Amino acid sequence: MNPLAHSPKAGLRLLERAGARMVLDALADGTCPLTHEGLDTFLPNRSVAFPRAALVTARVPPERDERFIALERWIAATTAEAVPDDGERKLVQRFAPWHHLRRVRRET
């Protein structure tokens, strides 16, 4: 979902927040590369989502499905807490995206 498509004014208000300023400053001074991987170093929130959407709209980093990335993060965090055995956790982390993505694709 592209936050730019809904309300440009809301996007400009987001850019005034301290978190967004931190992201923009890091992009401007080169400490954060203009890549998804660079933006992923920040905690996922609206302060990162809006600059990311603006960059993707400008085709700086290519588009990617942010829902899939969020699912991967959720699986990693959830299994880290819930599955103490390293081998079992790796197995669950490989199975869970396949299972859930198959279900989500069927629903859409």
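Look a little higher up for the structure.
Below or above, wherever it landed, is the structure these notes cover. Sequence order sets the numbering: in each chain, residues are counted from 1 along the sequence as written. Local features in a predicted model are, by the rule used here, given only for residues with pLDDT of at least 70; side-chain atom pairs are given and counted only at 80 or more, and totals for whole chains, interfaces and linings are based on all residues. Side-chain measures here rest on the full set of heavy atoms in the structure, leaving out hydrogens and waters.

**Re the overall build of the chain**
Heads up, the rule is: Note on conventions: DSSP H or I runs of at least 4 residues are helices, E runs of at least 2 residues are strands, and numbering of each starts at the N terminus. Whether two residues are in contact is decided by their heavy atoms: any pair within 4.5 Å suffices. Residue burial considers only the protein chains on display, and all accessible areas are found by Shrake-Rupley using a 1.4 Å probe. Positive charge is attributed to Lys and Arg, negative charge to Asp and Glu, and no charge count is given to His or to the chain ends. All charge positions are set by atom: Lys at NZ, Arg at CZ, Asp at CG, Glu at CD.
Along its length, the chain carries 7 helices and 0 strands. Of the regular secondary structure in the chain, the N- to C-terminal order runs α-α-α-α-α-α-α. The principal-axis extents of the C-alpha atoms in the chain amount to approximately 45 × 30 × 20 Å. Contacts in the chain between residues at least 24 apart in sequence constitute 51% of all its contacts with a sequence separation of at least 6. By element, 60% of the accessible surface of the chain is carried by carbon and sulfur atoms, the whole surface being about 7800 Å². Computed over 17 positive and 14 negative side-chain charges, the inter-centroid distance for the chain is 6 Å.

**Observations regarding the pattern of salt bridges**
Our working rule: Just to be clear on terms, a salt bridge is a Lys or Arg side-chain nitrogen sitting within 4 Å of an Asp or Glu carboxyl oxygen.
Applying the stated criterion to the full structure yields 9 salt bridges. Among the ionic pairs, R21 bridges to D25, the shortest N-O distance being 3.6 Å. In this pair, R21 and D25 both sit in helix α3 (residues 18-29), 4 residues apart, roughly one turn of the helix. Here R52 ties to E66 by a salt bridge, and the two come within 3.9 Å at their closest N and O atoms. Of this pair, R52 sits in helix α5 (residues 46-57) while E66 sits in helix α6 (residues 66-82), and the two are 14 residues apart along the sequence.

**Focus on the nonpolar core**
In plain terms, the rule: Here the nonpolar core consists of buried residues drawn from Ala, Val, Leu, Ile, Met, Phe, Trp, Tyr and Cys, with membership extended through side-chain atoms lying within 4.5 Å. The buried label applies to any residue whose accessible area, calculated with a 1.4 Å probe on protein chains only, is under 20% of its type's maximum; exposed applies above 50%, and partly exposed to all values in between.
With 8 residues, the main nonpolar core is built from V23, A26, L27, C32, L39, F42, V48 and L55. Where this core is concerned, the elements lending two or more residues are α3 and α5. With 3 residues, the top contributor of residues to this core is α3.

**Some words on the side chain of R52**
As a reminder, the rule being used: In the analysis that follows, any N or O atom pair within 3.5 Å is treated as a polar contact, provided that within protein one partner can donate a hydrogen and the other can accept it, and provided that, for residues neighboring in sequence, both atoms belong to side chains.
By relative accessible area, which is 8% here, R52 ends up buried. A distance of 2.9 Å separates polar atoms of two side chains, one belonging to R52 and the other to H36.

**Quick word on unusual backbone geometry**
The phi angle at R59 is positive, at roughly 65°, despite the residue not being glycine. Among the secondary structure elements, R59 is positioned in the loop between α5 and α6. R59 sits in the exposed class, given a relative accessible area of 73%.

**Quick word on the side chain of R89**
Mapped onto the secondary structure, R89 falls in helix α7 (residues 86-107). Look at R89 and you get buried, because its relative accessible area is 17%. At 3.3 Å, the side chain of R89 and the backbone oxygen of P84 are in polar contact. Those residues in contact with R89 that sit more than four places away from it in its chain are T79, A80, V83 and P84.

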